[in-house]
Every structure is written in C-alpha cells, then in structure tokens.
Amino acid sequence: MINLMIETDIARPPADVFAYVTDPSKLASWQTNTVSATPEAPPPLAVGSRLREVHRAPGGKQLASLVEVTEYEPGRAFALHIVEGALPLDSRITFEPTESGTRMQFAVHGGPTGVMRLAEPLLRQTLKRQFAGQCATLKRILENGAPLL
C-alpha cells in the first residue's frame, strides 16, 4: 500500500491556493506530467464532478484516467478518487491558514494491483519524488504572483 504525505507552506491565503489547485485549466502548470484535465460537465466543480485526465508516464507514454471529486470544501479540502486508470490512488489536499499564508497537505494512498504490486517499493519512491516536485512547483508559481483567473 502506498501512503504518502507532502506538506508545503505557501505564502498565499488558503482561498487563493484552493482556487488554483482546483482549477482544471491550471493543473498542467504545476503537475508537469499532466497533459490535460477536462471536466465532464461545466463548472463549477463539486462532489461527484468527474475529470478526464491524461498524464505522461516515464518514457513519454500517455496514460488516461477518470477521476471523481469526493470532497470539495472551498479553502479547506479537496479530494479525488481515480475511477478508471492505471494506478488506483486516492488523493486529498487540505489547506490550513498559517501566519504566513497556507499549509497545504497533499496525501495520497492506494496501490498497484496484480503484477504491478511487485514494483510498489520503486513506485512509492517515484511518486513521492514526483508529488514533492509538483508541490514545490505550485509553491513557486503562487508565491511569484500567479493570477487566479
């Protein structure tokens, strides 16, 4: 089982960080392996909303997935469940106000099935490095004054 937690302090208010993180059009700007994220229904996102995502895997292969919003509390929490995709993971991001802005906690859990379970230790390390890099990119973008619209 893969259980990861990445904590990042961002010098922007929770509402700003939440708005950026939950905007599908901004996903590829901070999750750099993301090719696209397309909502199945018009905005706004809410619990039950689904997005079709395409990500680049190592070697350049593109992997499609269908994710569903399972938690949506503006400025506080956002969670996704992979409904269809190569790696069944759940993610939850929380946003906590701090004196300097926001403490964002990005938690991921789940794991590979079938023969892919043999690669779980390597996959865990790869995902932790990838998600930590994505959170660092998000921090850099938001602290450099990225517009929210």
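Since this is a predicted model, take the numbers as computed values, not measurements.

Rules and cut-offs
Residues numbered from 1 in each chain as written. Predicted model: local features only at pLDDT ≥ 70, side-chain atom pairs only at ≥ 80, totals over all residues. Heavy atoms only, no water. Helix = DSSP H or I, 4+ residues; strand = E, 2+ residues; numbered from the N terminus. Rg over C-alpha atoms; globule rule 2.2 N^0.38 Å. Buried < 20%, exposed > 50% of the residue type's maximum accessible area, 1.4 Å probe, protein only. Areas by Shrake-Rupley, 256 points an atom, 1.4 Å probe, with all protein chains shown as cover. Pairing = 2+ DSSP bridges. Axes fitted to C-alpha atoms, helices over the stretch in contact; angles between N-to-C directions. Contact = heavy atoms within 4.5 Å. Core = buried A, V, L, I, M, F, W, Y, C linked by side-chain atoms within 4.5 Å.

**Some points on the overall build of the protein**
Argument step 1. Along the protein, the regular secondary structure elements total 3 helices and 7 strands.
Argument step 2. For 149 residues, the compact-globule estimate of 2.2 N^0.38 gives 15 Å, and the protein sits close to it at 15 Å.
Argument step 3. Once the C-alpha set of the protein is aligned to its principal axes, its extents read approximately 45 × 30 × 25 Å.
Argument step 4. Here the protein holds 149 residues, and the buried ones make up 43% of them.
Argument step 5. Working note: accessible area of the protein is about 8,200 Å², and carbon and sulfur atoms make up 57% of it.

**Focus: the sheet that holds strand 2 (residues 34-39)**
Argument step 1. The strand order across the open sheet built from 7 strands is 1-7-6-5-4-3-2, with neighbouring strands paired in antiparallel fashion. Where the open sheet ends on each side, the last strands, each with one partner, are strand 1 (2-10) and strand 2. Taking the axes of each pair of neighbouring strands and ignoring which way they run, one obtains an average angle of 20 degrees across the sheet.
Argument step 2. Where strand 2 meets strand 3 (residues 50-56), 5 bridges bridge the pair, whose relative direction is antiparallel. When the bridges of strand 3 are listed, A37 appears paired with E53.
Argument step 3. Docked against the sheet, helix 1 (residues 14-21) engages strand 1, strand 4 (62-73), strand 5 (77-84), strand 6 (89-98) and strand 7 (101-110), running at close to 155 degrees with respect to strand 6.
Argument step 4. Sheet strands touched by helix 3 (residues 120-143): strand 1, strand 6 and strand 7. Its angle to strand 1, the strand with the most contacts, is close to 15 degrees.

**Regarding the nonpolar core**
Argument step 1. Among the nonpolar cores identified, the biggest contains 32 residues, and V21, F95, M104, L127 and L138 are the most heavily contacted of them.
Argument step 2. Listed by contribution, the elements that provide at least two residues to this core are strand 1, helix 1, helix 2 (27-30), strand 4, strand 5, strand 6, strand 7 and helix 3.
Argument step 3. Among the elements that make up this core, the one with the highest residue count is helix 3 (7 residues).
Argument step 4. Not counting residues up to four positions away in its chain, the partners in contact with F95 are P14, V17, F18, V21, G75, R76, A77, F78, T102, R103 and M104.

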